[in-house]
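Listed below, chain by chain, are the residues.
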Amino acid sequence: MKRILLAIDATNPDPQAIDFACYISRLTKSDITGFFLENLVANEEPSLTETGGIPQMEWKIDEKGTELQHKKSLTGKNIELFHNCCERKSVHSKSIVVSGRPAKELIAESRYADLIIIDAATSFDKLYEGSPTEFVRDILKDAECPVIIAPDSFEGIDEIVFTYDGTKSSSFAIKQFTLLFPELSEKKATVLNITQDGQWSSAGKQHFLDWIQPHYTTVGLKTMTGDAGYCLFDYLFKRKNAFIVMGAYGRSNLSRFFRHSQADLLINTMTQPIFISHY
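Residues numbered from 1 in each chain as written. Predicted model: local features only at pLDDT ≥ 70, side-chain atom pairs only at ≥ 80, totals over all residues. Heavy atoms only, no water.

Trainee: I'd love a proper account of the overall build of the protein, names of residues and values included.
Mentor: Each helix and strand counted, the protein has 8 helices and 12 strands in total. With 279 residues in all, the protein has 48% of them scored as buried. Summed over its atoms, the accessible surface of the protein is roughly 13,900 Å², and 50% of this surface lies on carbon and sulfur atoms. (Helix = DSSP H or I, 4+ residues; strand = E, 2+ residues; numbered from the N terminus. Buried < 20%, exposed > 50% of the residue type's maximum accessible area, 1.4 Å probe, protein only. Areas by Shrake-Rupley, 256 points an atom, 1.4 Å probe, with all protein chains shown as cover.)

Have a look at this one:
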């Protein structure tokens, strides 16, 4: 992995997300590109113009407006703070300021990145949206690279929890994570498999083990039975310093683990980092 995009609200950056991104950058020896997002559409105001003598209303940005100038000044200070933080942690950083429609711009840039790191509460709506916000949902659904939801606090990684239900989507997410983070091969890897009958076919289990065991020093299997959502929360709430790996979000082949309601609740309540990738 070489290029990490850190999505940053240009006027309200999350220090915890920056610290976590620096940890991942040092771990993988990757560069961080701070993607500073500005929703300038919110600053558009109606103005009356004439075309061929016919008056018409247009929405424009007042480049000299006080609010816009304040945003630009604040963005400049936040960019400087970001680079200073990265420098203190010996991380090579770049920054890009993007004006316009934040989700559309970040999704377009994701095609040329290995990973996006984002805070689940990132929002460009003046009203409180909860977590994950509509902006973050759009990124999770349409990003063209894996996404990590940054934790509220971070003390390190002791265990990787792979959520697996036998689908292409969950298998792909595990492969993506493993290939992006070979540096975590010595961490304990736990594969959480939840089925209606609590059984994992011997053939399927052996094939999975044949693939994953060469990648990790210690691999544990945990098979649970019952409602996937309840079992998932019950298990993950008991883990500390874990890195959670999930499959699809918002795609037609969505894993049964991660219907929107379950995925959103998980993102909203977990304090661990969550890696999400879709097939």
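Back to the text.
Trainee: Residue-level account of the side chain of S110, with values.
Mentor: Relative to the helices and strands, S110 resides in helix α3 (residues 102-110). Within polar-contact distance, the side chain of S110 engages the backbone oxygen of I107 at 2.6 Å. S110 has contacts with L5, I116, A143, E144 and C145, leaving out every residue within four places of it along the chain. (Polar contact = N/O pair within 3.5 Å; in protein donor to acceptor, adjacent residues only side chain to side chain. Contact = heavy atoms within 4.5 Å.)

Trainee: Explain α3 to me, using residue names and the numbers behind them.
Mentor: Among the residues making up α3, those that are buried are P102, A103, L106, I107, E109 and S110. Within α3, the buried residues cover an arc of 165 degrees as seen down the axis, which keeps them to one side. Turning to α3, the residues buried within the fold contact β1 (3-9), β2 (31-38), β5 (93-99), β6 (115-118) and α4 (134-142). (Arc of directions from axis to C-beta.)

Trainee: Quick rundown of unusual backbone geometry? Include the residues and the values.
Mentor: A positive phi angle, near 60 degrees, is found at S90, a position not held by glycine. The topology assignment puts S90 in the loop between α2 (66-88) and β5. Taking relative accessible area as the criterion, S90 reaches 67% and is therefore assigned exposed. Unlike most non-glycine residues, N241 shows phi in positive territory, near 55 degrees. Its place among the elements puts N241 in the loop between α7 (228-236) and β11 (242-246).

Trainee: I'd love a proper account of the pairing of β6, names of residues and values included.
Mentor: When a strand is regular, its side chains alternate between the sheet's two faces. The side-chain alternation of β6 yields two buried faces, one formed by L115 and I117 and the other by I116 and I118. One ladder, built from 3 bridges, connects β1 with β6; its direction is parallel. Each bridged residue has a counterpart across the sheet, and for L6 the counterpart in β6 is I117. With 3 bridges connecting them, β6 and strand β7 (residues 147-149) associate as parallel partners. The residue bridging I118 from the neighbouring strand is I149, located in β7. (Pairing = 2+ DSSP bridges.)

Trainee: Quick rundown of the packing of α3 against α4? Include the residues and the values.
Mentor: At a minimum axis distance of 10 Å, the contact between α3 and α4 shows a crossing angle of 25 degrees. Looking at the two axes, α3 sits roughly parallel to α4. Where α3 crosses over α4, the handedness of that crossing is right-handed. Mapping the contact onto sequence places P102, A103, L106 and I107 in α3 and F135, D138, I139 and D142 in α4. Its residues assigned to classes, the contact of α3 with α4 shows 6 nonpolar, no polar and 2 charged. (Axes fitted to C-alpha atoms, helices over the stretch in contact; angles between N-to-C directions. Parallel < 35°, antiparallel > 145°, perpendicular 65-115°, else oblique. Left-handed = near helix turned anticlockwise from the far one by under 90°. Nonpolar A, V, L, I, M, F, W, Y, C, P; charged D, E, K, R; others polar.)

Trainee: Could you give an account of the sheet that holds β1, naming the residues involved and the relevant values?
Mentor: If you trace the 10 strands from one edge of the open sheet to the other, you get β5-β2-β1-β6-β7-β12-β11-β8-β9-β10, paired in mixed fashion. Where the open sheet ends on each side, the last strands, each with one partner, are β5 and β10 (218-225). The mean angle between the axes of side-by-side strands here comes to 25 degrees, regardless of whether they run parallel or antiparallel. This element, helix α5 (residues 168-180), spans β8 (159-164), β11 and β12 (274-276) of the sheet and lies at about 155 degrees to β8. Sheet contacts for helix α6 (residues 202-212): β8, β9 (188-195) and β10; angle to β10, the most-contacted strand, approximately 150 degrees.

Functional significance is not addressed by these values, which are geometric in nature.
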